[in-house]
Amino acid sequence: MKTNVDLQPYNSFGFHTVAKHFVEINDIQELEALIRSDVFKREKHLILSGGNNVLFQDEFFDGIVMHINTKGIEVVENQGNDVVVKAQGGEDWPEFVKKMVAMGLYGVENLAHIPGKVGAAPVQNIGAYGMELKDSLLQCEAIELATGKKRVFTKEECQFGYRNSIFKNELKGQYVIISVDFLLKKDAPLHLEYGNIKAYLEQNGIESPTLLQLHDAICAIRDAKLPDVKKIGSAGSFFKNPVISAEQFEALQKQHPNIPHYDEPNDKVKVPAGWLIEQAGWKGWRDEHVGVYEKQALVLVHYGGSKGQDVVELAQRIQQSVEEKFGIRISPEVNFV
Ligand code: EPU
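Residues numbered from 1 in each chain as written. Predicted model: local features only at pLDDT ≥ 70, side-chain atom pairs only at ≥ 80, totals over all residues. Heavy atoms only, no water.

### Quick word on the sheet that holds strand β10 (residues 137-144)
Applicable threshold: The rule for pairing is simple: two strands pair if DSSP sees at least two bridges between them. To qualify as a helix, a DSSP run of H or I must reach at least 4 residues; to qualify as a strand, a run of E must reach at least 2; elements of each kind are numbered from the N terminus. To obtain each axis, a line is fitted to C-alpha atoms, and for helices this fit is confined to the stretch in contact; angles are then taken between N-to-C directions over 0 to 180 degrees.
Judged by pairing direction, the sheet is antiparallel, and its five strands sit side by side in the order β6-β7-β12-β10-β11 without closing on themselves. Only two strands of the sheet have a single neighbouring strand rather than two, namely β6 (73-79) and β11 (150-154). The average undirected angle you get between the axes of adjacent strands in this sheet is 20 degrees. Strand direction decides the pairing type here: β10 and β11, joined by five bridges, are antiparallel.

Structural data, given as structure tokens:
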């Protein structure tokens with residue numbers, strides 16, 4: 001266990017928060033030993049995976065940060081069209097997707113190029129281009145920090161929702177996800193319906209894409225819109241897309257006929273927060289240190305030299321102005337620590 005570790009390399013916003021204690025977890029035995037230790041019982045703790053969806057608000061974390069680094073990918077079942085693949089929590093998510101695509105396995109290709117690790121993917125049910133993690137997750141294995149006991153969570157037990165799961169709600173901070181089992185297919189239809197996938201493929205002269213061509217197209221589309229976290233600090237989408245009643249939406253559409261939207265079950269409509277933020281005049285706004293990404297208003301960025309609090313304040317100002325203009329309260333998707 002190390003002390004006073006700067007977490008700057010461990011969070012994609014790149015904030016210099018110092019952790020009182022920092023432990024690298026490379027296998028389950030290390031995690032079990034940590035759970036049994038006195039210091040663990042005394043101190044508060046934080047499970048840190050890729051650090052791509054966290055915002056450190058303070059400059060000091062007064063407790064133990066557990067950095068999950070377990071590795072391994074294996075095929076555990078192969079029957080007919082179905083292949084079950086087990087990936088350890090510390091595996092890099094985009095590399096995992098690349099590997100599945102290279103193996104010719106369908107089910108995670110639209111989630112290409114999302115920065116992060118496998119173990120964090122179920123926590124927020126990562127999603128992009130018409131696919132969500134829950135579509136391919138079979139089950140995941142986790143360790144309860146209070147007891148050190150292993151528990152398998154089925155897909156239903158994960159209680160997945162839009163950028164949501166039980167691990168973000170009633171079990172928040174209580175379980176470390178050590179591995180995820182994916183049910184993938186040797187053959188399956190590709191999902192090309194979302195946004196500009198088809199337009200991109202057409203522009204590049206691709207008529208019926210292969211699995212690899214779709215993967216590469218999604219990487220290119222993301223690169224064109226989202227900042228590279230190695231160059232500009234960010235946590236991807238900062239806010240969730242709000243879901244409003246059909247009634248509220250119709251009133252809004254009268255004033256803004258071009259408002260993009262997606263129909264949801266139960267007479268609800270999802271509206272892109274990026275559009276609302278752009279209309280409220282924030283796209284490309286910046287001061288010296290923080291700002292709203294010029295190509296995608298849903299992404300708040302840190303240009304360096306600043307503190308988490310500055311992003312918190314910017315987010316509050318954006319929330320307030322969107323609420324004043326549209327009467328919609330947008331809520332963060334990023335986890336505040
Ligand atoms: N839009 C604007 N202005 C902007 C951004 C978007 O008008 O600045 C409009 C777009 O023109 C489009 C609509 O909003 O009509 C939706 O935009 P886009 O397809 O880029 O997706 P999004 O709703 O902004 C969501 C996810 C992303 C995911 C993309 C693609 C959330 C919170 N975000 O963004 O996920 O990559 O769809 O599927 O649901 C993430 O979670 O970190 C993330 C990047």
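### A word on helix α5 (residues 211-225)
What counts is decided by this rule: Any helix carries an expected span of 1.5 Å times its number of residues minus one. Partly exposed describes any residue whose relative accessible area lies between the buried limit of under 20% and the exposed limit of over 50%, with all areas from a 1.4 Å probe on protein chains only and scaled to the type maximum. Here, two residues are considered to be in contact whenever any of their heavy atoms come within 4.5 Å of each other.
With 15 residues, α5 extends 22 Å from end C-alpha to end C-alpha; this agrees with the ideal 21 Å at 1.5 Å per step. Leu 211, Leu 214, His 215, Ala 217, Ile 218, Cys 219, Ile 221 and Arg 222 are the residues of α5 that are buried. Residues of α5 that are buried in the fold lie against α3 (93-102), β8 (127-128) and α4 (197-203).

### Some points on the sheet that holds strand β1 (residues 2-6)
Pairing in this open sheet of four strands is mixed, and the strands run β1-β2-β5-β3 from one edge to the other. Each having just a single partner strand, β1 and β3 (44-48) make up the two edges of the open sheet. Here the strands of the sheet are splayed against their neighbours by 40 degrees on average, with no regard to which way each runs. Relative to strand β5 (residues 60-68), strand β2 (residues 18-25) is paired through seven bridges, and the arrangement is parallel. Counterpart to Val 23 in the pairing with β5 is Met 66. Against the sheet, helix α1 (residues 28-36) makes contact with β2 and β5, and its axis sits at roughly 135 degrees relative to β2, the strand it touches most.

### Details of the packing of aromatic side chains
Just so we agree on the cut-off: Only the six-membered ring of Trp is used, alongside the rings of Phe and Tyr, when aromatic pairs are assigned; centres must lie within 6.5 Å, and planes under 30 degrees apart are stacked while those over 60 apart are edge-to-face, with the rest tilted. Counting as a charge over the ring demands two things of the Lys NZ or Arg CZ atom: a distance within 6 Å of the ring centre and an angle within 35 degrees of the ring normal.
This model, assessed by the stated rule, comprises 14 aromatic pairs. Ring plane angle 65 degrees and centroid distance 6.3 Å describe the contact between Phe 13 and Phe 238, whose orientation is recorded as edge-to-face. Taken together, the residues Phe 13 in the loop between β1 and β2 and Phe 238 in the loop between β13 (233-237) and β14 (243-245) connect sequence positions 225 residues apart. Owing to a relative accessible area of 1%, Phe 13 belongs among the buried residues under this scheme. Measuring from ring centre to ring centre gives 4.9 Å for Phe 153 and Phe 167, while their planes differ by 70 degrees; the resulting arrangement is edge-to-face. Of the two residues, Phe 153 sits in strand β11 while Phe 167 sits in the loop between β11 and β12 (175-185), which places them 14 residues apart along the sequence. For the pair formed by Phe 153 and Phe 167, the shared burial category is buried. Through a chain of ring-to-ring contacts, the aromatic side chains of Phe 13, Phe 15, Phe 238, Phe 239 and Phe 336 assemble into a single cluster. The residue whose ring lies beneath Arg 286 is Tyr 303, and the NZ or CZ to ring-centre distance is 3.6 Å.

### Notes on unusual backbone geometry
At Tyr 129, a residue that is not glycine, the phi angle is positive and equals roughly 50 degrees. Its identity as a non-glycine residue notwithstanding, Arg 163 has a phi of 50 degrees, on the positive side. Locating Arg 163 in the fold gives a position in the loop between β11 and β12. Under the relative-accessibility criterion, Arg 163 is labelled buried at 15%.

### Points about the site of the ligand
Under the convention used in this document: For this description, a residue counts as near a given molecule or strand if any of its non-hydrogen atoms is within 4 Å of it. Counted as a polar contact is a pair of N or O atoms within 3.5 Å, where, for protein atoms, one must be capable of donating a hydrogen and the other of accepting one, and residues adjacent in sequence contribute only when both atoms are in side chains. In short, Shrake-Rupley with a 1.4 Å probe defines the accessible areas, and a residue's cover is counted only from the protein chains shown.
Residues in close proximity to the ligand total 23 residues, the closest being Tyr 129, Tyr 162, Glu 278, Gln 296 and Ala 297. Between the ligand and the protein, one listed contact pairs an oxygen atom with a backbone N or O atom of Tyr 129 at 2.6 Å. Separating an oxygen atom of the ligand from a side-chain N or O atom of Gln 296 is a distance of 2.9 Å. Calculation on the ligand without its partners gives an accessible area of 820 Å², and the protein chains cover 83% of this total. Of all the elements in the fold, those that place two or more residues in the shell around the ligand are β8, α5, β13 and α7 (273-279).

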